[in-house]
Every structure is written in structure tokens, then in C-alpha cells.
Amino acid sequence: MDISVHFQEIRNLIIVARKQSFKALNKELIKLYWNIGKYIHQKVKTSKWGKSVVANLAEYLKETEPNTSGFSAQNLWQ
């Protein structure tokens, strides 16, 4: 058996694992976004959070999580 066949089999293992890890990551991100939205929704209903509080939250996240993106005030409202 040609050695390149073995190399291709190992490469296929890597490709499959990479796809599975992306799926798992996407699942966790969706759960995170859902939980953030649920939290904000509850605060809007019960604590009278509004645009300024969510804007402050967006700024807080930008400062405390500088390597994380996607949490602008507009995205948080969505």
C-alpha cells in the first residue's frame, strides 16, 4: 500500500474532527446568544432596562472582552 494513502486517511481524520468541532462551537455560540437575549429580555420586562442600559452593556463588554466581537448595542437588542 502506498504511504500516501495512509497520509490521506490521517488527513481525513483531521478534516472530520475539524468539522465536528465547528459544529460544537456553533451550537455553543447559539446557546450563548439565546441566553444573553433571554437575560436582556427579562431585564427589559422587570427592571425597565432600555436603550441606554443596553448601550452601556455593549460598551462594558467591549472594554472587558476586547478580543470578542458581535456584542454591539444593536446586536444585543436583536
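Structure first, text after, so check above.
This report concerns the structure included in the present document. Note that residues are indexed from 1 along each chain, following the sequence as it is written. Only residues with pLDDT of at least 70 are given local features in this predicted model, and only at 80 or more are side-chain atom pairs given and counted; all residues enter the totals for whole chains, interfaces and linings. Only hydrogens and water are removed before side-chain values are computed, so all heavy atoms of the structure are retained for them.

1. Quick word on the overall build of the chain
- Runs of E in the DSSP output that reach at least two residues are strands. Runs of H or I that reach at least four are helices, and both are numbered from the N terminus. A tally of helices and strands in the chain yields three helices and zero strands.
- Each helix and strand of the chain, ordered N terminal to C terminal, gives the series α-α-α.
- The size measure is the radius of gyration over C-alpha atoms, and the globule rule it meets is 2.2 Å times the number of residues to the 0.38 power. Relative to a compact globule of 78 residues, whose C-alpha radius of gyration would be 12 Å, the chain shows 20 Å and is clearly more extended.
- Taking the principal axes of the C-alpha coordinates as reference, the chain spans close to 70 × 25 × 15 Å.
- Classification of residues uses two cut-offs on accessible area relative to the type maximum, computed with a 1.4 Å probe and protein chains only: under 20% is buried, over 50% is exposed, and between them is partly exposed. The proportion of buried residues among the 78 residues of the chain is 6%.

2. Topic: the pattern of salt bridges
- What makes a salt bridge here is a side-chain nitrogen of Lys or Arg within 4 Å of a carboxyl oxygen of Asp or Glu, nothing more. Enumeration over the complete set of coordinates arrives at one salt bridge.
- Of the charged contacts in the structure, one is a salt bridge between E28 and K31, with a shortest N-O distance of 3.5 Å. In this pair, E28 and K31 both sit in helix α1 (residues 3-46), three residues apart, roughly one turn of the helix.
- Judged by relative accessible area, which is 41%, E28 ranks as partly exposed.

3. Details of α1
- Expected span of a helix: the number of residues minus one, times 1.5 Å. Over its 44 residues, α1 extends 65 Å from the first C-alpha to the last, a length consistent with the 64 Å expected when each residue adds 1.5 Å.
- Directly after α1, the chain includes K48, whose backbone phi takes a positive value near 60°.

4. Some thoughts on the packing of aromatic side chains
- Whether two aromatic rings pair depends on their centres lying within 6.5 Å, for rings of Phe, Tyr and Trp, where Trp uses its six-membered ring; planes under 30 degrees apart make the pair stacked, over 60 edge-to-face, and the rest tilted. Counted according to the given criterion, the structure contains two aromatic pairs.
- Seen from their ring centres, Y39 and W49 are 6.2 Å apart, and the 65° between their planes marks the pair as edge-to-face. With Y39 in helix α1 and W49 in the loop between α1 and α2 (51-64), the pair connects residues that are ten residues apart, well separated along the chain.

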